[in-house]
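Residue-level structure breakdown
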Amino acid sequence: MIVREFINNILNKIAPFELAEEWDNPGLMAGNYNAKINKIAVTLDATPEAVIEAENFGCNILLTHHPLIFRGIKRVEINSEPGKTIYEAITRNITIIAVHTNWDKAEGGVNFTLAKLLGLKNISILDNASGFGVKGVLPEKILLDELLKLVKYSWNLNYLDCYTPENFDNVKNISRVALCGGSGAEFWRVAKNSNSDVYITADMKYHELIEATSSNLIIIRPDHGEMESASLIELVKKLSDNNLNAVLLNNHALKPPVRI
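In short, a report on the structure. Worth saying up front: this structure is predicted, and the values here are computed from it rather than measured. (Residues numbered from 1 in each chain as written. Predicted model: local features only at pLDDT ≥ 70, side-chain atom pairs only at ≥ 80, totals over all residues. Heavy atoms only, no water.)

To continue, consider the layout of surface pockets. Computed from the structure, the second largest pocket encloses a volume of approximately 200 Å³. Listing elements by their share of the lining of the second largest pocket, those giving two or more residues are helix 4 (101-105), strand 8 (174-183) and helix 9 (224-229). For the lining of the second largest pocket, the element with the most residues is strand 8, which contributes four residues. For the lining of the second largest pocket, a count of residues per class yields four nonpolar, eight polar and four charged. (1 Å grid on protein atoms, 1.4 Å probe; cavity = no way out; pocket = protein on both sides within 12 Å on 5 of 7 lines; lining within 4 Å. Points joined across faces, edges and corners; volume = space filled by probe spheres on them. Helix = DSSP H or I, 4+ residues; strand = E, 2+ residues; numbered from the N terminus. Nonpolar A, V, L, I, M, F, W, Y, C, P; charged D, E, K, R; others polar.)

Right, here's the structure in full:
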């Protein structure tokens, strides 16, 4: 199978490109549409280190979640990004491909995988207008402390932040959970209107947190990259189900902060 066939026939089935946002740039980032695929490395971001790690695993395809190129670039300078990664990829004959908002919104993609890892039932799309996020119900009501432990363990997180309403009752049971992988701050009101007890997303800002918790919504905020990375093992599985040899890399462009 060549790259063009892989993108059109396999990736487009796993994460339909028609789901991608207009501002997004999924698909081929650098490489050769006619290259024959040997083995696929999957990771969150395309970096020089990820390219080298892919080569060490015998891969000639690097499939990432975040696109290496978002906007048009005027020059490729090999000592700075994204030129450095492009240079490493081309000189090592590795093709870089991304599935971004189409993987976020796909059935079985980022958000559905995160929900299933938490054990949520009755999973459905959170924001039907955009297709982002999901909501569901825990198998049984639990305390917030128990939910925090479940989220951290299920998604293999180093840390998470939690913000509660001012008069939150720590013995209140929680059952309804909404989430959006990565940056989903704009959907907290949708989560609130869906009667969710908790909304989990990354990158919420200070004043957004104040507004959300003032509305009596609990916010759990993991690291952006760690949250989305939890879905990549499912992407590897879907590739394997299509008879493709795929491996998950450990490399990330941005490490979680050290909390002291």
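Still more to cover.
On the basis of which strands lie adjacent, the open sheet formed by five strands has the order 1-4-3-2-11 and mixed pairing. The sheet is open, and its two edges are formed by strand 1 (27-30) and strand 11 (246-248), each paired on a single side. Recorded for the sheet is a direction-independent mean angle of 30 degrees between the axes of neighbouring strands. Pairing analysis gives three bridges linking strand 2 (residues 40-43) to strand 11, with the strands arranged parallel. Within strand 11, the position partnered with Val42 by the bridge is Leu248. (Pairing = 2+ DSSP bridges. Axes fitted to C-alpha atoms, helices over the stretch in contact; angles between N-to-C directions.)

Right, let's get into helix 10 (residues 232-241). Within helix 10, the full set of buried residues consists of Leu232, Leu235, Val236, Lys238 and Leu239. Mapping the buried residues of helix 10 onto a view down its axis gives an arc of 160 degrees, with all of them on the same face. Of the surrounding elements, those touching the buried residues of helix 10 are helix 1 (3-14), strand 2, strand 3 (61-64), helix 4, helix 9 and strand 11. Asn243 sits one or two residues past helix 10 and shows a positive phi near 65 degrees. (Buried < 20%, exposed > 50% of the residue type's maximum accessible area, 1.4 Å probe, protein only. Arc of directions from axis to C-beta. Contact = heavy atoms within 4.5 Å.)

For the rest of this paragraph, the subject is the packing of helix 1 against helix 10. Running from amino to carboxyl end, helix 1 crosses helix 10 at an angle of 125 degrees, the nearest separation of the two axes being 10 Å. With respect to helix 10, the element helix 1 is oriented oblique. The handedness of the crossing between helix 1 and helix 10 comes out as right-handed. Between helix 1, through Phe6, Ile10, Leu11 and Ile14, and helix 10, the contact on the second element is made entirely by Leu235, Lys238 and Leu239. Within the contact of helix 1 with helix 10, the residues separate by chemical class into six nonpolar, no polar and one charged. (Parallel < 35°, antiparallel > 145°, perpendicular 65-115°, else oblique. Left-handed = near helix turned anticlockwise from the far one by under 90°.)

Attention now moves to a nonpolar patch on the surface. Nonpolar side chains collect at one region of the surface, where Ile73, Val76, Ile78 and Tyr87 lie side by side and expose about 340 Å² of accessible area between them. Assignment of secondary structure puts Ile73 in the loop between strand 3 and helix 3 (83-91). (Patch = residues over 30% accessible without salt bridge, like charges linked within 9 Å, V, L, I, M, F, W, Y side chains within 5 Å. Areas by Shrake-Rupley, 256 points an atom, 1.4 Å probe, with all protein chains shown as cover. Salt bridge = Lys/Arg side-chain N within 4 Å of Asp/Glu carboxyl O.)

Ordered in space as 5-6-8-9-10-7, the six strands form an open sheet in which the pairing is mixed. A single partner strand is all that each edge strand has here, and the edge strands are strand 5 (121-127) and strand 7 (160-163). Here the strands of the sheet are splayed against their neighbours by 25 degrees on average, with no regard to which way each runs. Bridging between strand 6 (residues 132-142) and strand 8 involves five bridges; their strand directions are antiparallel.

Ranked by internal contacts, the top residues of the largest apolar core, which has 50 residues, are Phe6, Ile40, Leu63, Leu147, Trp155, Ile200 and Leu239. Ranked by residues supplied to this core, first place goes to helix 1 with six residues. One finds Ala54, Ile69, Ile86 and Ile94 within the second-largest nonpolar core, a separate group that totals 18 residues. (Core = buried A, V, L, I, M, F, W, Y, C linked by side-chain atoms within 4.5 Å.)

To continue, consider the packing of aromatic side chains. Geometry of an aromatic ring pair is reported as the spacing of the ring centres plus the angle between the planes. This structure, assessed with the given rule, holds two aromatic pairs. Ring plane angle 40 degrees and centroid distance 6.4 Å describe the contact between Trp23 and Phe70, whose orientation is recorded as tilted. Residue Trp23 is found in the loop between helix 1 and strand 1, and its partner Phe70 is found in the loop between strand 3 and helix 3; the two are separated by 47 residues along the sequence. Accessibility expressed as a relative area gives 35% for Phe70, which makes it partly exposed. (Phe/Tyr/Trp six-rings, centres within 6.5 Å; stacked < 30°, edge-to-face > 60°.)

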